Amino acid sequence: SSKTFWTTTGMFPQELIIGFPKCVKISKVAIQCYLVRTLRIEKSTSKDPVGFEQCVEKDLQHREGQLQMEEFPLPEFQATYLRFIIKSAFDHFVSVHRVMAEGT
């Protein structure tokens, strides 16, 4: 729902982990967020959310009063979990409105 979102508690880094029912192949990840400065995406193929490996880290553009919409086309990889680490922000609180993963 576009009316719901996840928000940080004001300290950084902050983490958001998304789990899939089984290991999947992912070719692109996209995120809609607000006031995120530096974002890292990591993956894990473990049964539990451990043993993460970095996929990408990026500094996002500040868009005053607008959602940041970032796509990360990546070489196809497998993952059971994706961890989104917000390393820094443009304000004390940020929000994540949507996360999308494309693949099979």
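None of these values were measured; they are calculated from a predicted model.

Each value, and the rule that gives it
Within each chain, residues carry numbers counting from 1 in the order of the written sequence. For this predicted model, a pLDDT threshold of at least 70 governs which residues receive local features, and a threshold of 80 or more governs which side-chain atom pairs are given and counted, while totals over whole chains, interfaces and linings are taken from all residues. The basis for the side-chain values is all heavy atoms of the structure; hydrogens and waters are excluded. Counting from the N terminus, the helices are the DSSP runs of H or I reaching at least four residues and the strands are the DSSP runs of E reaching at least two. Our radius of gyration looks at C-alpha atoms and nothing else; its globule reference is 2.2 Å times the residue count to the power 0.38. Here's how the labels work: a residue is buried when its accessible area is under 20% of the maximum for its type, exposed when over 50%, partly exposed in between, all with a 1.4 Å probe on protein chains only. By definition in these notes, contact holds between two residues if any of their heavy atoms fall within 4.5 Å. Here, nonpolar core means buried Ala, Val, Leu, Ile, Met, Phe, Trp, Tyr and Cys residues that are tied together by side-chain atoms lying within 4.5 Å of each other. The working definition used for a salt bridge is a side-chain nitrogen of Lys or Arg within 4 Å of a carboxyl oxygen of Asp or Glu. By this definition, two strands are paired if DSSP reports at least two bridges between them.

Below, the discussion takes up the overall build of the protein chain. The helix and strand tally for the protein chain stands at zero helices and six strands. Here the protein chain has a C-alpha radius of gyration of 13 Å; the compact-globule value for 104 residues is 13 Å, and the two agree. For the protein chain, the spread of C-alpha atoms along the three principal axes comes to 35 × 25 × 25 Å. By the burial criterion, 38% of the 104 residues in the protein chain qualify as buried. Of all intrachain contacts in the protein chain linking residues separated by at least 6 positions in sequence, the fraction that spans at least 24 positions is 78%.

With 22 residues, the main nonpolar core has Leu39 and Phe84 as its most contacted residues. Among the elements of the structure, strand E2 (14–34), strand E3 (36–44) and strand E5 (68–89) are those that each provide at least two residues to this core. Those residues in contact with Leu39 that lie beyond four places of it in its chain are Ile31, Val56, Glu57, Lys58, Leu60, Phe72, Phe84, Ile85 and Ile86.

Let us look at the environment of Gln78. For Gln78, the position within the fold is in strand E5. The class of Gln78 is partly exposed, set by a relative accessible area of 40%. It is 10 Å that separates the C-alpha atoms of Gln78 and Ser46, two residues lying 32 residues apart in sequence. Every residue in contact with Gln78, bar those within four places of it in the chain, is listed here: Cys23, Val24, Lys25, Lys43 and Thr45.

Going through the model one piece at a time under the given rule, you end up with ten salt bridges. When the shortest N-O distance is used, the salt bridge between Lys28 and Glu71 registers 3.4 Å. Placement of the pair is Lys28 in strand E2 and Glu71 in strand E5, with a sequence separation of 43 residues. Residues participating in the shared-partner salt-bridge network are Glu15, Arg40, Glu42, Glu57, Arg83 and Lys87.

So, about the environment of Glu76. Note on placement: Glu76 falls in strand E5. Here Glu76 is in contact with Lys25, Ile26 and Ser27, once residues within four sequence places are set aside.

Here 15 bridges tie E2 to E5, and the two strands are oriented antiparallel to one another. For Val24, the partnering residue across the bridge sits in E5 and is Ala79. When E2 meets strand E6 (residues 95–103), the two strands line up antiparallel, connected through eight bridges. Of the residues in E6, the one forming a bridge with Lys28 is Glu102.

A few words now on unusual backbone geometry. Across the chain, the bulk of peptide bonds are trans and the bulk of non-glycine residues have phi less than zero. Omega for the peptide link from Phe12 to Pro13 comes to 10°, which places this bond in the cis form. Note on placement: Pro13 falls in the loop between strand E1 (6–7) and E2. The phi torsion at Leu35 lies on the positive side, around 70°, for a residue other than glycine. By the element assignment, Leu35 lies in the loop between E2 and E3.

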